[in-house]
Amino acid sequence: MTDQLITVLTFTHPNDLIFIRGRLEAEGIECFVQGELTSQIRPFMSNAFGGIELQVKENDLEKAVEILKEYGYVQDSDLQAPTGMFTSFDKTTAKFPLISKLPFWLRLLLVVLVLTALLMGFIYCMVWLTLNG
């Protein structure tokens, strides 16, 4: 196991995570929060930016999940591994050194922008060749 941060819960409002974060820290689990300040500045945009993510180190994940189950914040059905296109995208883009530390939504936006730029460049070249060829 590594010290990689794993998101255990996502919230819309910062006050929702106060009790849970306090409980985990009281049990000796170091917690990290992503997106809390963004949600305080732009409260109605919180979900657009991925919400407020409560993260723990991978080493503490098992203990954190047990505590969250004990207090009813996580059910066994919530812990099933997600499947699908976004999971594959997340695993694939996490391997690239320059973007691996970025949050999922930012990696997705970056890839969409790059693909859009490539497509627009291709269309521009085809139009230029058609008009000048």
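Up top is the structure these notes are about.
Treat the numbers as computed from the prediction; the structure is a model and nothing was measured.

About the criteria used
- Residues numbered from 1 in each chain as written.
- Predicted model: local features only at pLDDT ≥ 70, side-chain atom pairs only at ≥ 80, totals over all residues.
- Heavy atoms only, no water.
- Helix = DSSP H or I, 4+ residues; strand = E, 2+ residues; numbered from the N terminus.
- Contact = heavy atoms within 4.5 Å.
- Areas by Shrake-Rupley, 256 points an atom, 1.4 Å probe, with all protein chains shown as cover.
- Lys, Arg positive; Asp, Glu negative; His and termini not counted.
- Charge placed at Lys NZ, Arg CZ, Asp CG, Glu CD.
- Buried < 20%, exposed > 50% of the residue type's maximum accessible area, 1.4 Å probe, protein only.
- Pairing = 2+ DSSP bridges.
- Axes fitted to C-alpha atoms, helices over the stretch in contact; angles between N-to-C directions.
- Salt bridge = Lys/Arg side-chain N within 4 Å of Asp/Glu carboxyl O.

*Asks:* So what about the overall build of the protein chain? Which residues, and what values?
*Replies:* On a plain count of helices and strands, the protein chain comes out with five helices and three strands. Secondary structure elements of the protein chain, listed N to C terminal, follow the sequence β-α-β-α-β-α-α-α. Projecting the C-alpha coordinates of the protein chain onto the three principal axes gives extents of approximately 70 × 35 × 25 Å. Look at the contacts in the protein chain between residues 6 or more apart in sequence, and 61% of them connect residues 24 or more apart. A total accessible area of about 9,700 Å² is found for the protein chain, and carbon and sulfur atoms account for 62% of it. Charge centroids of the protein chain, computed over 10 positive and 15 negative side chains, lie 6 Å from each other.

*Asks:* I'd like a description of the pairing of strand β2 (residues 31-34), backed by residues and values.
*Replies:* Across the two faces of β2 the burial differs, with C31 and V33 buried and F32 and Q34 not buried at all. Sheet topology note: the β2/strand β3 (residues 52-57) ladder contains four bridges and is antiparallel. Residue pairing for β3: C31 is matched across the bridge by V56.

*Asks:* Which residues make up the side chain of R107, and what are the values?
*Replies:* Mapping R107 onto the fold places it in helix α5 (residues 104-132). Owing to a relative accessible area of 6%, R107 belongs among the buried residues under this scheme. Sequence-distant contacts of R107, defined by excluding residues within four places in its chain, comprise F89, D90, T93, A94, I99 and L102.

*Asks:* Go over the sheet that holds β3 with me, naming the residues and quoting the values.
*Replies:* In spatial order, the strands read β1-β3-β2; together these three strands make up an open sheet with antiparallel pairing. Only two strands of the sheet have a single partner each, and these edge strands are β1 (5-11) and β2. Going from strand to strand, the sheet's axes swing by 30° on average, the running direction of each strand aside. Helix α3 (residues 61-70) contacts β1 and β3 of the sheet and is inclined by roughly 20° relative to β1.

*Asks:* How would you sum up the pattern of salt bridges? Please name residues and give values.
*Replies:* Counted under the stated rule, the structure contains four salt bridges. A salt bridge links E25 to R21; its shortest N-O distance comes to 3.3 Å. A residue pair is termed a helical-turn pair when its members lie 3 or 4 positions apart in one helix, as E25 and R21 do in helix α1 (residues 18-26) at four residues. Of the residues examined, E25 reaches a relative accessible area of 40% and is grouped as partly exposed. By relative accessible area, which is 26% here, R21 ends up partly exposed. The partner of E66 in a salt bridge is K69, and the shortest N-O contact between them spans 3.7 Å. One end of the pair is E66 and the other is K69, both in helix α3 and three residues apart, which spans about a single turn.

Structural measurements only, silent on function.
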